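One letter stands for each residue in the lines below.
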Amino acid sequence: MQNADRKLVLSLFGKPTATKKGGEYWFYGDIRETVGVLAGTRSTTFWDYEWLAVQFNPQGDVTFHEFNDSASGCLSNGICNIYGLADVTVTGKSVLTTPSGEDLDAKNYQVKDDECALYFYQEPIFHIRMANGPVDLTINDVRIGVINYETYLFLTHKTGELSLKAYQFTIHTQCNAGEKVYLRAEEYGWSVNEGKDFAPVSAKLGEAEIKKRKLALPD
């Protein structure tokens, strides 16, 4: 797509399945049934996944694009389709990671004197590698993004009191200058809409959990 822009991408592929980072990234996902013959006349249904990532600069020009045909595949720059992109039943809940370098930068971020840094992650049910579904983070009534148990969100914010929402919980916490705040949303039961808890955790616990996860692209 040499010399392509948003207008051309829209005309070629239509409305994106998901957008991330304020529209810097557009993603297209699709899933199709395919039938394979196993033995004689017996057949079974397989699923064929494919997705496309397109990155734009502030002027709307395409700066990166790449196709992948794996449901949980990763692109050459480190962006991975973690959850939901090829499943039309989870519209608005797609979880995709940032390029690899951004994950490293977030984990090693040095907080400035006039801000705090926030790290948000999900604790899966039964403390094993499974979870019902992703969870949104909202700060001061603005949705920041969505994660699952394999990912985390990172952002900086000016100092002051913050109103934070995840699952059915709304909490208030202080954003102190130069501080890192770690927030954990815990799943509960088998409901995708309700959680067991949402609260800040210690820096020691938070740092250890963030190291296990990849940075997710924000909304």
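Data block above holds the structure.
A quick note: this is a predicted structure, and the numbers were derived from the prediction, not measured.

Undergrad: Please give an account of the overall build of the chain that cites residues and values.
TA: In terms of helices and strands, the chain carries three helices and 15 strands. By sequence separation, contacts in the chain at least 24 residues apart represent 55% of the contacts at least 6 residues apart. Split by element, the accessible area of the chain, about 11900 Å² in all, is 50% carbon and sulfur.

Undergrad: Summarise the pairing of strand S10 (residues 151-158); cite the residues concerned and give the values.
TA: Bridge count for strand S7 (residues 115-123) against S10 is seven bridges, and the pairing is antiparallel. If you follow Cys116 over to S10, its bridge partner there is His157. Bridge count between S10 and strand S15 (residues 214-215): two bridges; the pairing is parallel. Paired with Thr151 across the two strands is Lys214, which belongs to S15.

Undergrad: Any details on the pattern of salt bridges? Residues and values, ideally.
TA: Under the defined criterion, the tally for this structure stands at nine salt bridges. Its salt-bridge partner being Asp136, residue Lys93 comes within 3.2 Å of it at the nearest N-O pair. One end of the pair, Lys93, is in the loop between strand S5 (81-83) and strand S6 (95-96); the other, Asp136, is in strand S8 (residues 135-139), and 43 residues separate them in sequence. Judged by its relative accessible area of 27%, Lys93 falls in the partly exposed class. Arg143 is the partner of Asp136 in a salt bridge, and the nearest nitrogen-oxygen pair spans 3.2 Å. Judged by relative accessible area, Arg143 falls into the partly exposed class, the value being 32%. Put simply, Lys20, Lys93, Asp136, Arg143 and Asp219 are held in one network by salt bridges that share partners.

Undergrad: Before we move on, can you summarise the sheet that holds S7 with the specific residues and values?
TA: Read from one edge to the other, the open sheet built from five strands follows the order S14-S13-S7-S10-S15, with strand pairing classed as mixed. The sheet terminates laterally at strand S14 (195-201) and S15, the two strands that pair on one side only. In this structure, strand S13 (residues 180-187) lies alongside S14, joined through six bridges in antiparallel fashion. Its bridge partner lying in S14, Glu187 is registered against Gly195. Here helix H3 (residues 203-211) sits on the sheet and contacts S7, S10, S13 and S14; the angle it forms with S7, its principal contact strand, is near 65 degrees.

Definitions and cut-offs
- Residues numbered from 1 in each chain as written.
- Predicted model: local features only at pLDDT ≥ 70, side-chain atom pairs only at ≥ 80, totals over all residues.
- Heavy atoms only, no water.
- Helix = DSSP H or I, 4+ residues; strand = E, 2+ residues; numbered from the N terminus.
- Contact = heavy atoms within 4.5 Å.
- Areas by Shrake-Rupley, 256 points an atom, 1.4 Å probe, with all protein chains shown as cover.
- Pairing = 2+ DSSP bridges.
- Salt bridge = Lys/Arg side-chain N within 4 Å of Asp/Glu carboxyl O.
- Buried < 20%, exposed > 50% of the residue type's maximum accessible area, 1.4 Å probe, protein only.
- Axes fitted to C-alpha atoms, helices over the stretch in contact; angles between N-to-C directions.

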